Amino acid sequence: MKFFFFISAFMALTSFAQTTNYTDVGVIVNLNSPVSMQIGSYFQQARNIPSQNMIYVSAPTTEVINDTEFNQLRTQIENYLVSQNLQDSLNYLVTTKGVPLKRNSIDCVVNSGSGDCGSVDAELSLILGTHQNQIGQPSAFVNPYFNQNEHFSRAQYGIYLVTRLDAYSQDDVLHLIDGSGPLTVVNQQIANGVIDLVESYGMDTTYFMDSYVHPTYNNMLAENWNATTDVSPAVLTDQSNVFSYFYVGHGPVDSIQMNYKWLPGSFSALSTCSSAETFDAQSNPNESFYIADLIKDGCTAAHGHVNCIFVTQLFRADILVNRYLNPIAQYNLAESYYMADATLSYQSVIIGDPKASIVIDNDAGLSSMQTHSFRLYPNPSTGSFRIKGLEQLQGKVSIAITNSLGMRVYMDDEVFDNETYQLEESGVYFISILEDGQLVGTERLVKH
């Protein structure tokens, strides 16, 4: 659906005038990994991170480490922070590709309910803080920042917000860095959100819809963003101008080619089992659908889990969009993702620049063709309506109609000016016009 949202000139100028510094961001680099070294250096230069904030460790280059190796990694990071008097001045930590991903204890039995293994990042969020005794415990720790409504500070919450710069390749990570950051400009009128329910069976479908899909969709609606929900058995592919993607269900599924055209600053979450199991393509011979695939496809932020978790502990994408897409509060990426994650010292991995944020500019990204207007008449309608103004478009024109739940009810790959369309059910519909597969615009139509 599409809603038009206008920002006052004062608010727009104020937003662009703000500056974001990275003096409270620490970057963890593995001296044994050339890729980690290169990514750390690139991110430092791109975001002007102080040299003192670069935390160099000597750690295994494998994604999975045992307790002894994790404790050695933890000790190096803690010792450096204390020696440089950074433990209380940093709010954010960023791990890089080449820093271990998972900590697996001898008795790691996640599927039977033990949390005694999990994400290195989720464990590091608790170091040197009031909750450090929760690290490595056989259960998840309740995130004190979960569902909050204020900007983060370590002084108040006693944790670090930890994100990761990781993907299948170094080039994918550099693209992520280049395609995001503070005040990334987004055209709200052309940005598309996708909420995908996949691999769900029986009563689980109702649970997922009520607990995750509908709340996420409704919050995107409340913030005036375009969103489509898809409940077909397969992952929805071949979408344009994608700004957000959320997947929920039993998974992961195999061999998915998204073929999305992503907007800068795009973000996502795969709320399912083991969606961040690896960022090593050779460790994914079945080509399972992981968040690394979203980053490779062009998305610039993602949330996933390194192992299976309980359904009740799935990531809350509805909270994420409520915070990250709020133009008034202007929460950054790390704040928004952590407010949407109920647990720490568990399975979560967050990919992205922690201080990435968005600003809305509805003139951005529009070609000359996308500035053409069309209109629906009559509107409101008693059932039939026509579209006028399509003759201004030079390419192949198609139409997509979604209902008020974001579900697509009609698609026509080739349409012409002044054609007549019929709607059977009363309600609110959103008529999207595409030219050569690119969204031109969307209009709201009411059917009595």
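Anything mentioned here points back to the structure above.
Along each chain, numbering runs from 1 in the same order as the chain's sequence is written. In keeping with the model being predicted, local features are shown solely for residues with a pLDDT of at least 70 and side-chain atom pairs are shown and tallied solely at 80 or more, while totals for entire chains, interfaces and linings include all residues. Only hydrogens and water are removed before side-chain values are computed, so all heavy atoms of the structure are retained for them.

Engineer: Where do I start with the pairing of strand 1 (residues 25-30) in this structure?
Structural biologist: Every other side chain in a regular strand lies on the same face of the sheet, so the side chains alternate between the two faces. For the exposure calls, accessible area comes from a 1.4 Å probe over protein chains only, and a residue counts as buried if that area is under 20% of its type's maximum, exposed if over 50%, partly exposed in between. Helix numbering and strand numbering both begin at the N terminus, where a helix is a DSSP run of H or I of at least 4 residues and a strand a DSSP run of E of at least 2. Burial of strand 1 is extensive: six of the six residues sit out of reach of the surface. Judged by which residues are buried, strand 1 turns out to be covered on both faces: Val25, Val27 and Val29 on one side and Gly26, Ile28 and Asn30 on the other are all buried. In this structure, strand 1 lies alongside strand 4 (residues 92-96), joined through four bridges in parallel fashion. Within strand 4, the residue paired with Val25 across the bridge is Tyr92. Here, a strand pair is defined by DSSP locating no fewer than two bridges between the strands. Note that strand 1 and strand 2 (residues 54-57) share four bridges and pair parallel. Following the sheet pairing, Val27 is matched in strand 2 by Met54. Seen with the strands pointing away from the viewer, any crossover whose path from the first strand over the helix to the second strand runs clockwise is right-handed. In this view, the connection linking strand 1 to its parallel neighbour strand 2 by way of helix 2 (residues 34-47) has right-handed handedness.

Engineer: Help me understand the pairing of strand 10 (residues 192-197), please; the structure alone is not making it clear to me.
Structural biologist: The buried count for strand 10 comes to six of six residues, which makes it a mostly enclosed element. Here strand 10 shows two buried faces, one formed by Asn192, Val194 and Asp196 and the other by Gly193, Ile195 and Leu197. The pairing of strand 10 with strand 11 (residues 226-230) spans five bridges and is parallel. Paired with Asn192 across the two strands is Asn226, which belongs to strand 11. Two strands pair when backbone bridges link them, and strand 10 and strand 12 (residues 242-248) are joined in this way by six bridges, in the parallel orientation. Within strand 12, the residue paired with Val194 across the bridge is Tyr245.

Engineer: Can you help me understand the state of the cysteines in this one?
Structural biologist: Cysteine pairs can be linked by a disulfide, which is a covalent bond between their two sulfur atoms. In plain terms, two cysteine sulfur atoms within 2.5 Å form what is called a disulfide here. A full pass over the atoms with the stated rule returns one disulfide. Shown here is the disulfide that connects Cys273 with Cys308, its sulfur atoms set 2.2 Å apart. On the S-S bond that ties Cys273 to Cys308, the torsion sits near 125°, and the link is right-handed. Placement of the pair is Cys273 in the loop between strand 13 (262-271) and helix 8 (291-297) and Cys308 in the loop between strand 14 (302-305) and helix 9 (317-324), with a sequence separation of 35 residues. In this structure Cys273 comes out as buried when scored by relative accessible area, which is 19%.

Engineer: Before we go on, may I ask you to explain the pattern of salt bridges in this structure?
Structural biologist: It is possible for side chains bearing opposite charge to pair when their charged atoms get close. For this analysis, a salt bridge means a side-chain nitrogen from Lys or Arg found within 4 Å of a carboxyl oxygen belonging to Asp or Glu. Summed over all chains, the structure comprises nine salt bridges. The partner of Arg164 in a salt bridge is Asp121, and the shortest N-O contact between them spans 3.0 Å. Of this pair, Arg164 sits in strand 8 (residues 161-165) while Asp121 sits in helix 4 (residues 120-124), and the two are 43 residues apart along the sequence. Each member of the pair, Arg164 as well as Asp121, carries the same accessibility label: buried. What you see here is one network of salt bridges that share partners, running through Lys97, Asp121, Arg164 and Asp166.

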